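Structural features, examined
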Amino acid sequence: MSYAKREKISTGLSGLDAILDSLRLGDNVVWKVDSLESYQRVVTPFVHQALAEKRRVVYLRFGAHHPVIDPALAGVEVVDLNPRLGFEPFASTVHRILSTRGRGVMYVFDCLSDLVSAWATDYMVANFFQITCPYLLSLDTVAYFSLRNQHHSLETIQRIRKTTQLFLSFYRHEDHYYVHPLKVYARNSPTMFLPHREEDEKFVPMARSYEATALMSSFMPREGGAIVRQLDHWQRLFLQAEELFASGASPREQKDMVRHLCRHLMGKDERVLQLAETYFSLTDLLEIKRRMVGTGYIGGKSTGMLLARRILHATEPEYWEDVLEPHDSYYIGSNLYYWYLIHNDCWNLFMEHKESEQHGSFAAQQLRSRILHGHFPSAIRQEFENMLDYYGQYPIIVRSSSLLEDGFGNAFAGKYDSFFLANQEITPEERLEHFEDIVRRIFVSTIGKDALVYRRQRGLAEQDEQMGLLVQRVIGSYRNHYYFPDVAGVGISYNTFVWDSSMDPHAGMLRLVVGLGTRAVDRAEGDYARIVALDHPRKKPYHDGDDTRRFAQKDVDVLDLNANTLTTIPLNSLMGEDIERVLARVALHERREITHRGKLSRTHISWIPTFDILFEQTDFAERMQKLLQTLDRVYDYPVDIEFTLNFRDDGSYCLNIVQCRPLQTRKIGQKVEIPDDIVEEHIILKQHGGFVGGSLIQPIRRIILVNAPGYHELSLAGKHEVAKIIGEINMNTDRTEEPTLLIGPGRWGTSTPALGVPVNFAEINNMSVLAEVGWSRGGFVPELSFGTHFFQDLVENEIFYIAIFPDRAGVLLREEWFQALPNDLEGLVPRARGYENVIKVSSLSKELCLRADVLSQQILCFVNE
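Residues numbered from 1 in each chain as written. Predicted model: local features only at pLDDT ≥ 70, side-chain atom pairs only at ≥ 80, totals over all residues. Heavy atoms only, no water.

Some thoughts on the packing of aromatic side chains
Scanning the model with the defined rule gives 36 aromatic pairs in all. Ring centres 5.3 Å apart and planes at 15° place the aromatic pair Phe170 and Tyr177 in the stacked group. One exposure class covers both Phe170 and Tyr177, and it is buried. Its guanidinium or amino end placed over the ring of Tyr123, Arg159 lies 4.4 Å from that ring's centre, counting from NZ or CZ. (Phe/Tyr/Trp six-rings, centres within 6.5 Å; stacked < 30°, edge-to-face > 60°. Buried < 20%, exposed > 50% of the residue type's maximum accessible area, 1.4 Å probe, protein only. Lys NZ or Arg CZ within 6 Å of the ring centre and 35° of its normal.)

Written out as structure tokens, the structure is:
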């Protein structure tokens, strides 16, 4: 059936029906009005006519203006919405309302122009209309919308006009109402698109040209601000801010503008916004705008990085001025994320994916494919090109910076992707293509399993989660065909891993590596970062001697400019006078003579990064302690930073803070008494140190054990299957009812199954205690990964972590007790038959008690009689 033959619906105004040949089921009607009263003039008869015909009427109420339908009118369903929760929650809620109300409903929406104050840019208003209008059409509804005249950019008006079925101008002039149809889909007449004046119950076309000329000329803007009114609200806002700054406005006026801009740039976390409004000036915010691509929020990661730098400069400018390296970051606004989804026909799949929450569903697969193969508008591509021209061939890193990321309570550590670009493509076109591919890959990480589970687990599934991006020049130096910083690391202002009773947790800690910081924020297979307690920087969480060599960094992450990629190389393969000057400041130079049959065969020269020389010869430890304590004090909360350090020719150093976020951490808590009268056969585990998570008393009612010898003998596929079985058990684990100890060989979450069980975090997130056990024969070695993304996940989920080395003196692990436990595996996971010699699941008849005291570093797990 053609569109023109659809069922006719009356506007409630017979004269208007005559002009339009009535409405049709499926019509979206957009009224461009001069006032809200004009909109009410067309809404009221439409609603009364629909009610008289026994049709269902739904009024979507979200504007700051007074209601356009009398709330007391019987028969109208009023649904209140809050656009300030963000675009995605608002659009998702509207989608659900339309879905549940079904077909043939008459809708009235509040004035769309009121959404601008909530979303900063009317570009997002067009996005909302572009996804809502087609869905209404598919449901055979009739929907009324309105826009205030001269309130939106020409681009926004054109996008809405192109999408809708009817676009009508309606206004009052000299005691008469006028309607001017600008678009009427699938209907036509010789006078349909003329202005019409309302007379009695008719609308009379302005058939005489001189009448139309006089009428239309009266609405032509005469003042010089006509061009400004054609700009997007976002553009007008920053133009106003520029004018305010140039005019030398009072501090109070500038502060009010700072507050307004922060709420459009920085996000919705009130604690972060308070800090931003305190420390950012109007100049700072205008500089951010000048380095933005697109519009919207710059996201949590960008905000945290900028805020940390401003706090330090504001508190002690002279102390930090020469040490903090300048930055020249760019910010890709979060609105691009939703634009990309909508304009690449992803939105319906996005909604379906959110509702099903199934990572592997058909909708999810289609959505990932469309995101990865979508396109960007030419205007955005041009801005991308300008940014890449600015950086030239310097390597850059593109980092996720979502709206919820790095806020108070939600770190999203490692949940979204970030990528290094060596930037060595031959042509600018190739660089642009590579960059766009990286943006797509970060966008698709928002629907990754870990991110979805994280949001759902923390009650964030319905919150606005736009993805902004932070683009930074990689801080470092060219060394032959490699590029990397001298040192990189993670800093934490509150150190719950105090392995010595003399350490103060408030002094903070560092995790240091040579080269790119990827080896500091992630667990590096078979490699170790240097852990530093800042009040005792020379003390190590292991014994000197062979342990110094064993637990030192052996590989370095660098950007290989020849291969145009991130790569890992042996530290001792770095050659050259420049890099040796760097290593001499952070590493021991070891010379070992290798003999064969009693004769010297060769001399082995190696570097062992202990960073002791850095602490002995510079004020680095003191300065980093002060930095972390300053941020901790201002945030009134523990913080977690990522940074780089580079040495100058004169031996001094410069710092660059690349990330700062509130840290989710357990406080040390009160001292926990470790009983000394437990019968020995009731002790399951006893050791000194080797745990992360503060002091606690934790009951344990279930054990999940992965047997090291059995796991070692499995094929690669078998090892991955173990991870899936653990994930299935985890999914059905209730931490409150059955607190569980998960214990297994080597590193949980490794990407190398030969080093441990390759679970992702969503497959172990319901555990109460996580234990990694060393087994030298199988090559399984735990790692106390304090400061990594893995550590952050453990802390945020309140999972206590233990590294157990049974062969070490003073460590008691009663393995025979575990072996004697019954195995409930097959009953829980029937498909796990055949893995009973590898995985044991046992609900305990007698509860265990785990006690840990972080100050004395004692830990004891025993049968609670």
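Notes on the sheet that holds strand S15 (residues 419-421)
Across a sheet, paired strands are connected by hydrogen bonds in the backbone, their directions being either parallel or antiparallel. Taken in spatial order, the 5 strands of this open sheet run S12-S13-S16-S14-S15, and their pairing is mixed. Strand pairing shows two members of the sheet lacking a second neighbour, strand S12 (292-293) and S15, which therefore form its edges. (Pairing = 2+ DSSP bridges. Helix = DSSP H or I, 4+ residues; strand = E, 2+ residues; numbered from the N terminus.)

Focus on the sheet that holds strand S32 (residues 769-773)
Across the sheet, which stays open at both edges, the 9 strands sit in the order S29-S33-S32-S31-S30-S35-S36-S28-S34 with mixed pairing between neighbours. With one partner strand each, in any of the chains shown, strand S29 (691-692) and strand S34 (812-813) form the two edges of the open sheet. Note that S32 and strand S33 (residues 800-804) share 5 bridges and pair parallel. When the bridges of S33 are listed, Val773 appears paired with Ile804.

Quick word on the environment of Val498
Of note, Val498 is situated in the loop between strand S19 (487-492) and strand S20 (509-514). On the basis of relative accessibility, which here comes to 1%, the residue Val498 falls in the buried class.

Notes on the pattern of salt bridges
For the structure on display, the rule yields 42 salt bridges. A salt bridge links Asp110 to Arg61; the shortest N-O distance between them is 2.7 Å. Residue Asp110 is located in strand S6 (residues 106-111), and its partner Arg61 is located in strand S4 (residues 57-61); the two are separated by 49 residues in the primary sequence. Classification of Asp110 by relative accessible area gives buried; the value is 0%. Looking at Arg61, the relative accessible area reads 15%, which means it is buried. Between Arg310 and Asp284 there is a salt bridge, with its nearest N and O atoms 3.2 Å apart. On the criterion of sequence distance, the pair formed by Arg310 in helix H13 (residues 299-315) and Asp284 in helix H12 (residues 282-290) is long-range, its members being 26 residues apart. Its relative accessible area of 27% is what places Arg310 among the partly exposed residues. (Salt bridge = Lys/Arg side-chain N within 4 Å of Asp/Glu carboxyl O.)

A word on unusual backbone geometry
At Asp21, a position not held by glycine, the phi torsion is positive, near 55°. Structurally, Asp21 can be placed in the loop between helix H1 (14-20) and strand S2 (23-24). Exposure remark for Asp21: the relative accessible area of 33% places this residue in the partly exposed category. Of note in the backbone geometry, Asp636 takes a positive phi value of approximately 55° without being a glycine. Look at Asp636 and you get exposed, because its relative accessible area is 62%.

A few points about the packing of helix H5 (residues 123-138) against helix H15 (residues 335-343)
Viewed as axis vectors pointing N to C, H5 and H15 meet at an angle of 25°, and their least axial separation amounts to 10 Å. In this view, H5 runs roughly parallel relative to H15, as classed from their interaxial angle. When you trace H5 past H15, the crossing you get is left-handed. Where H5 approaches H15, its residues Tyr123, Met124, Asn127, Gln130 and Ile131 are matched on the opposing element by Asn335, Tyr338, Trp339, Ile342 and His343. Here the residues of the contact of H5 with H15 sort into 6 nonpolar, 4 polar and no charged. (Axes fitted to C-alpha atoms, helices over the stretch in contact; angles between N-to-C directions. Parallel < 35°, antiparallel > 145°, perpendicular 65-115°, else oblique. Left-handed = near helix turned anticlockwise from the far one by under 90°. Contact = heavy atoms within 4.5 Å. Nonpolar A, V, L, I, M, F, W, Y, C, P; charged D, E, K, R; others polar.)

Let's talk about empty space enclosed by the protein
Under the definition given, this model contains 8 cavities of 30 Å³ or more. Considered as a void within the structure, the second largest cavity measures approximately 90 Å³ in volume. In this structure, the second largest cavity is lined by 14 residues; those nearest its centre are Ala118, Trp119, Tyr297, Asn335 and Gln466. Residue assignment for the lining of the second largest cavity shows that the elements contributing at least two residues are helix H4 (116-119) and helix H10 (251-265). Residues that form the lining of the second largest cavity fall into these classes: 6 nonpolar, 5 polar and 3 charged. (1 Å grid on protein atoms, 1.4 Å probe; cavity = no way out; pocket = protein on both sides within 12 Å on 5 of 7 lines; lining within 4 Å. Points joined across faces, edges and corners; volume = space filled by probe spheres on them.)

Examining the confidence of the model for the protein chain
Confidence along the protein chain averages 87 in pLDDT terms, with 89% of residues attaining 70 or more. Taken element by element, the predicted model of the protein chain shows its lowest mean pLDDT in helix H8 (residues 226-229) (47) and its highest in S6 (98). Under a pLDDT of 50 for its full length, residues 221-228 has, in the predicted model, 7 contacts with residues more than four places off or in other chains. (pLDDT = per-residue confidence, 0-100.)

Section: a negative patch on the surface
Negative charge collects at one region of the surface, where Glu385, Asp389, Glu429, Glu430 and Glu433 lie side by side. Only helix H18 (378-391) and helix H19 (428-445) provide two or more residues apiece to the negative patch. If you tally residues by element for the negative patch, the top one is H19, at 3 residues. Along the chain, the position of Glu433 falls in helix H19. (Patch = residues over 30% accessible without salt bridge, like charges linked within 9 Å, V, L, I, M, F, W, Y side chains within 5 Å. Areas by Shrake-Rupley, 256 points an atom, 1.4 Å probe, with all protein chains shown as cover. Lys, Arg positive; Asp, Glu negative; His and termini not counted. Charge placed at Lys NZ, Arg CZ, Asp CG, Glu CD.)

Topic: the pairing of S6
In terms of burial, S6 is a largely internal element, 6 of the 6 residues being buried. Pairing of S4 with S6, which is carried by 4 bridges, proceeds in the parallel orientation. Considered in S6, the bridge of Val58 is made with Tyr107.

Thoughts on the pairing of strand S36 (residues 858-863)
Regular strands show a simple pattern: their side chains alternate between the two faces of the sheet. Among the 6 residues that make up S36, 5 are buried, leaving the element largely enclosed by the rest of the structure. One ladder, built from 5 bridges, connects strand S28 (residues 683-688) with S36; its direction is antiparallel. Paired with Ile683 across the bridge in S36 is Phe862. In this antiparallel pair of consecutive strands, strand S35 (residues 839-853) and S36, the connection spans 4 residues, and Gln857 shows a positive phi of 60°.

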